[in-house]
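# Structural description and commentary
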Amino acid sequence: MTTYEPALDVAVQAQATLGEGPTWDAAASRLIWIDILGSRVHTYDPSTGRRTVMATEQHVGAAKPRAGGGLVLNLRDGVALYDGEGADPGFRWLHHEPTPGRRANDAAVAPDGSLWAGTMRYDEAPGGGTLSRLTGDGEATTVLDDVAVSNGTGWSPDGRLMYYIDSPTRRVDVFDVSDDGRSVTNRRQLALIEEGAGFPDGLTVDADGCVWVALWGGAAVRRYTPAGALDRTITLPTALATACAFGGPDLTDLYITTARVGLSDPHPMSGSLLVVPGAGKGVAQPAFAG
């Protein structure tokens, strides 16, 4: 295992309460990320420095690009579609399922263009969250229904494996994906985060099939091989790393979101969007087919 101190830059200086969900939008050449508790969707164009911030009506767990333009939003009360700048500033529900005490959390787009959207209870009660698969026409299927804090979700480069994190378990799990991509089976542990190293949060998968995991409370991002071996650690100056994703025109820059919620003396970088140039090689992410 290699621990190294790469060239870490601040891509966007911010004070996000709970920054999350970095996603490279290849069609627009920009990075999308969110502040869950701040109810904000951010975008950042690294070539020009242009930034936008959009307020949502409720807590937002994820924002992903859509194939036809605009965004799909994993919101507190369900999944909604936003048609983009210059359109109606509101959104329309694709799947509306408000549940008292529950909110949206991380989400990811599968190779087939479906959205795998997570939820959790505000009190993080075990079994209070879910992971569901939504198609472009709004068909929703519950994949997992016994989740505490649904977090990182991603697929191997060949689409045959799905990686998943329920944070309080401290595990990074792996599933086999069915031939039609609609279901997963054979859940097993890829890696276990040891006590004192934080909790696994968001993840991304690189072109080598390695899994990069942000550690909440661990001030680090780790890379695990497809066999589950820890082979790289990026240490951070701020404790609350929440998620990571490769971006930039060649998908070699690793973007890392951070948070400052609950910190009595936050580091100046807490809540900012960080970037490690040339950290590896990512895989192009599909847009939501809705």
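Residues numbered from 1 in each chain as written. Predicted model: local features only at pLDDT ≥ 70, side-chain atom pairs only at ≥ 80, totals over all residues. Heavy atoms only, no water.

### Brief notes about the sheet that holds strand 9 (residues 78-82)
- Reading across the sheet, the four strands line up as 7-8-9-10 and stay open at both edges, with antiparallel pairing between neighbours. Both edges of this open sheet fall to strand 7 (60-65) and strand 10 (92-96), since each of them pairs with a single strand only. Here the average twist between neighbouring strands, direction ignored, is 20°.
- Relative to strand 9, strand 8 (residues 71-75) runs antiparallel, the two sharing five bridges. Bridging across to strand 9, Val 72 finds its partner in Leu 81. (Pairing = 2+ DSSP bridges. Helix = DSSP H or I, 4+ residues; strand = E, 2+ residues; numbered from the N terminus. Axes fitted to C-alpha atoms, helices over the stretch in contact; angles between N-to-C directions.)

### A look at the side chain of Asp 253
- Along the polypeptide, Asp 253 turns up in strand 24 (residues 253-258).
- Reaching out from Asp 253, the side chain makes a polar contact with the backbone nitrogen of Gly 278 at a distance of 3.1 Å.
- If we ignore the near neighbours within four places in the chain, the residues touching Asp 253 are Ala 245, Phe 246, Gly 247, Gly 248, Val 275, Val 276, Pro 277 and Gly 278. (Polar contact = N/O pair within 3.5 Å; in protein donor to acceptor, adjacent residues only side chain to side chain. Contact = heavy atoms within 4.5 Å.)

### Here's the deal with the environment of Ile 36
- Here Ile 36 is to be found in the loop between strand 4 (30-35) and strand 5 (40-44).
- For Ile 36, a relative accessible area of 1% corresponds to the buried category.
- For the pair Ile 36 and Ala 16, spaced 20 residues apart in the sequence, the C-alpha separation amounts to 8.5 Å.
- Residues within four places of Ile 36 in sequence aside, it is in contact with Leu 18, Glu 20, His 59, Val 60, Gly 61, Arg 103 and Asn 105. (Buried < 20%, exposed > 50% of the residue type's maximum accessible area, 1.4 Å probe, protein only.)

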